[in-house]
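# A look at the structure
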Amino acid sequence: MKFSRTARLAILSLAACAGSAQADDLVFNDCLAGLRMQAMQADISSDSFDQYTAGLQPDLGVLELLDAQPEFTTPIWDYLAALVDEQRIAEGQAMLETHAATLATVAQQYGVDAATVVAVWGVESDYGKTFGKRPLLVSLSTLSCFGRRQPFFRGEFFATLALLQSGDLQPQGLNGSWAGAFGHTQFMPTTYQRIAVDGDGDGRRDLVASIPDALASTANFLKQAGWRSGEPWGYEIRLLPDFDASLAGRKSKRPLNEWSARGVTRVDGSPLPAGDARAAVLLPAGAQGPALLVLRNFDAIYSYNAAESYALAIAHLSDRLRGGAAWVAPWPTDDPGLGRGERRQLQALLLARGHAIGEADGMIGTLTRRAIVTEQLRLGLQPQDGRAGRRILEALRNEAPVMPPPTLPPLPPPQ
């Protein structure tokens, strides 16, 4: 009996679900054969397709990450603590000085201020230090053949092949996030095709190797998303005690004059700017946490990655890079998140207590979480969940210093 290609893929997919690595490879290879035909319709030559897909093997580990994005799974106070910490602020201010000339040119051409562009850079790749470790073509080809959203990822896969074919990108070391974002400011390939610009004048759009290209392209993205030059993204506000929280929400925009009439002020009690510019109230942690008024430029940031926590991280970091203060209102938690410096302190305290967690690098992995659980049990802290928060840090800080074992004299040699 001869099966159609669609039926054959369905049969192979069922076999792959049964856990056979060989079946996974069969599905993947059959899928690539189909993608080759589609790629040619997208103006990717068969030679280019064969060159860049030679030897590809699927990485099914990316499927587990489809529904685990930190923007949607991490408490907002932890998310911002990790992304807007003293280290990122200090390094970002250094980047503003180092790349001042490039950023001035970018601001003149695209109307986006330097602090906002650098804040995107800081959040997306920690100023070029973390591009992602997953080979881009492996991730995108896998997501094109397995899991949900295959049509979306096929578009990104073809866009990557087109960028390689055009010479904008080089295949060596082309790594990115599990979903295919890459480069200094983590563009998706189709966004790269549409928005990336040549910021250094070398005739290529290279957001991996060229910082000027990346900064200019980021500003161009925000401009295309509706950025209004000279306007703020928003600011922290103070609400009346009886404020109706149902009025909050990014899409619930009202004129500034109406918000003022409802008793909304800046967080220091000063009045909102007069006018009919439309703005929305955000309560990212509910009515008991910080309240923010967001304007049109916040929407432009949000379009970069459609998550309010992400947009707030960039917005807040941009303010801190300009010398602004942290938000006044505390988060509604008794266990706030830690920045990287505090995480390193926590790990150093765990190491001092004999926990084999590796280096104190500020990265909270399985070994660190297990060590925290052990200390939570020892100290009687609840919950015993391995959370790297301020509660366990303060508890270990407040303990008596851990004394090293005494140094004993060597034993005499046996007689």
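A short tour of the structure in this document, coming up. (Residues numbered from 1 in each chain as written. Predicted model: local features only at pLDDT ≥ 70, side-chain atom pairs only at ≥ 80, totals over all residues. Heavy atoms only, no water.)

## Observations concerning the overall build of the chain
If you tally the helices and strands in the chain, you get 18 helices and seven strands. Counting only residues that meet the buried cut, the chain has 46% of its 415 residues in that class. Expressed as a percentage of contacts within the chain between residues at least 6 apart in sequence, the contacts between residues at least 24 apart total 65%. (Helix = DSSP H or I, 4+ residues; strand = E, 2+ residues; numbered from the N terminus. Buried < 20%, exposed > 50% of the residue type's maximum accessible area, 1.4 Å probe, protein only. Contact = heavy atoms within 4.5 Å.)

## Examining the sheet that holds strand β3 (residues 234–238)
Taken in spatial order, the five strands make up an open sheet running β4-β6-β7-β3-β5, and their pairing is antiparallel. What marks the edges here is a single partner per strand, and that holds for β4 (254–255) and β5 (265–266). Bridge count for β3 against β5 is two bridges, and the pairing is antiparallel. In the sheet register, Ile 237 faces β5, and the bridge partner there is Arg 266. (Pairing = 2+ DSSP bridges.)

## Details of helix α3 (residues 46–53)
By the burial criterion, the buried members of α3 are Ser 48, Phe 49, Tyr 52 and Thr 53. The buried residues of α3 occupy an angular sector of 110° when projected down its axis, which confines them to one face. When the buried face of α3 is taken as reference, the exposed residues oriented beyond 90 degrees from it are Asp 47 and Gln 51. Once α3 ends, the next one or two residues include Gly 55, with phi positive near 80°. (Arc of directions from axis to C-beta.)

## Looking at the environment of Arg 391
Positionally, Arg 391 belongs in helix α18 (residues 390–398). The class for Arg 391 is partly exposed, based on a relative accessible area of 26%. Taking the C-alpha atoms as reference, Arg 391 lies 8.7 Å from Leu 381; in sequence the two are ten residues apart. In this view, Arg 391 contacts Asp 334, Asp 335, Gln 382 and Pro 383; residues no more than four positions away in its chain are not counted. One polar contact links the side chain of Arg 391 to the main-chain carbonyl oxygen of Gln 382, over a distance of 3.0 Å. (Polar contact = N/O pair within 3.5 Å; in protein donor to acceptor, adjacent residues only side chain to side chain.)

## Some points on the pattern of salt bridges
Taken as a whole and assessed by the stated rule, the structure comprises 25 salt bridges. Arg 134 is paired through a salt bridge with Asp 59; the nearest N and O atoms lie 2.6 Å apart. Within this pair, whereas Arg 134 is found in strand β1 (residues 134–135), its partner Asp 59 is found in the loop between α3 and α4 (70–73), the two being separated by 75 residues in sequence. The partner of Arg 88 in a salt bridge is Asp 126, with the nearest N and O atoms 3.3 Å apart. You can see Arg 88 sitting in helix α6 (residues 86–98) and its partner Asp 126 sitting in the loop between α8 (114–125) and β1, a full 38 residues away along the chain. On the basis of relative accessibility, which here comes to 8%, the residue Asp 126 falls in the buried class. (Salt bridge = Lys/Arg side-chain N within 4 Å of Asp/Glu carboxyl O.)

## Side note on the state of the cysteines
Evaluation of the coordinates by the stated rule reveals one disulfide. Disulfide pairing places Cys 31 opposite Cys 145 at an S-S distance of 2.1 Å. Since a negative S-S torsion denotes a left-handed disulfide, the Cys 31-Cys 145 link at about -85° is left-handed. Of this pair, Cys 31 sits in helix α2 (residues 21–41) while Cys 145 is found in helix α9 (residues 136–145), placing the two residues 114 residues apart along the sequence. (Disulfide = S-S within 2.5 Å.)

## Focus on the nonpolar core
By size, the foremost hydrophobic cluster in this structure holds 84 residues, and its most contacted members are Phe 157 and Trp 233. A total of eight residues in this core trace back to one element, the largest contributor, which is helix α15 (residues 308–321). Here Trp 233 is in contact with Leu 292, Leu 293, Val 294, Leu 295, Asn 297, Phe 298, Ile 301, Leu 312, Ala 315, Ser 318, Asp 319 and Trp 327, once residues within four sequence places are set aside. Of all hydrophobic cores here, the second largest spans 15 residues; its members include Val 264, Leu 272, Leu 293 and Leu 295. (Core = buried A, V, L, I, M, F, W, Y, C linked by side-chain atoms within 4.5 Å.)

## So, α8
Counted at 1.5 Å a residue, the expected span for α8 with its twelve residues is 16 Å, and the 17 Å between its end C-alpha atoms agrees. Most of α8 is tucked away: eleven of the twelve residues are buried. Those residues of α8 that sit buried are Ala 115, Thr 116, Val 117, Val 118, Ala 119, Val 120, Trp 121, Gly 122, Val 123, Glu 124 and Ser 125. Buried positions along α8 lie against α5 (76–83), α6, α7 (100–110), α12 (211–224) and α15. Capping of α8 at its N-terminal end is provided by Asp 113; its side-chain oxygen lies 3.3 Å from the backbone amide nitrogen of Ala 115. One or two residues past the end of α8 sits Asp 126, with phi positive at roughly 55°. (Expected span 1.5 Å × (residues − 1).)

## Let's talk about the packing of aromatic side chains
Note on aromatic pairs: each is described by the distance of the centres and the angle between the planes. In total, this model carries 13 aromatic pairs according to the counting rule given. Look at Phe 187 and Tyr 304: their rings are 5.9 Å apart centre to centre, the planes differ by 70°, and that puts the pair in the edge-to-face class. Of this pair, Phe 187 sits in the loop between β2 (175–176) and α11 (189–195) while Tyr 304 sits in the loop between α14 (296–302) and α15; the two residues are 117 residues apart in sequence, bridging distant segments of the chain. Overall, the relative accessible area of 12% leaves Tyr 304 in the buried class. Ring pairing ties together the aromatic residues Phe 187, Phe 221, Tyr 304 and Tyr 310, which thus form one cluster. (Phe/Tyr/Trp six-rings, centres within 6.5 Å; stacked < 30°, edge-to-face > 60°.)

## Here we look at the packing of α3 against helix α10 (residues 150–166)
Interaxial distance between α3 and α10 falls to 10 Å at its minimum, and their mutual angle equals 105°. Viewed along their axes, α3 and α10 adopt a mutual orientation that is roughly perpendicular. Two secondary-structure elements touch here, α3 through Ser 48, Phe 49, Tyr 52 and Thr 53 and α10 through Phe 157, Leu 161, Leu 164 and Gln 165. (Axes fitted to C-alpha atoms, helices over the stretch in contact; angles between N-to-C directions. Parallel < 35°, antiparallel > 145°, perpendicular 65-115°, else oblique.)

## Considerations on the side chain of Asp 335
Within the secondary structure, Asp 335 sits in the loop between α15 and α16 (340–352). Residue Asp 335 is classed as buried on the basis of its relative accessible area, which comes to 7%. At 2.7 Å, the side chain of Asp 335 forms a polar contact with the backbone nitrogen of Arg 391. Once you skip the residues sitting within four places of it in the chain, Asp 335 turns out to touch Trp 77, Arg 387, Gly 389, Arg 390 and Arg 391.

Interpretation note: all reported values are geometric properties and have no functional meaning in isolation.
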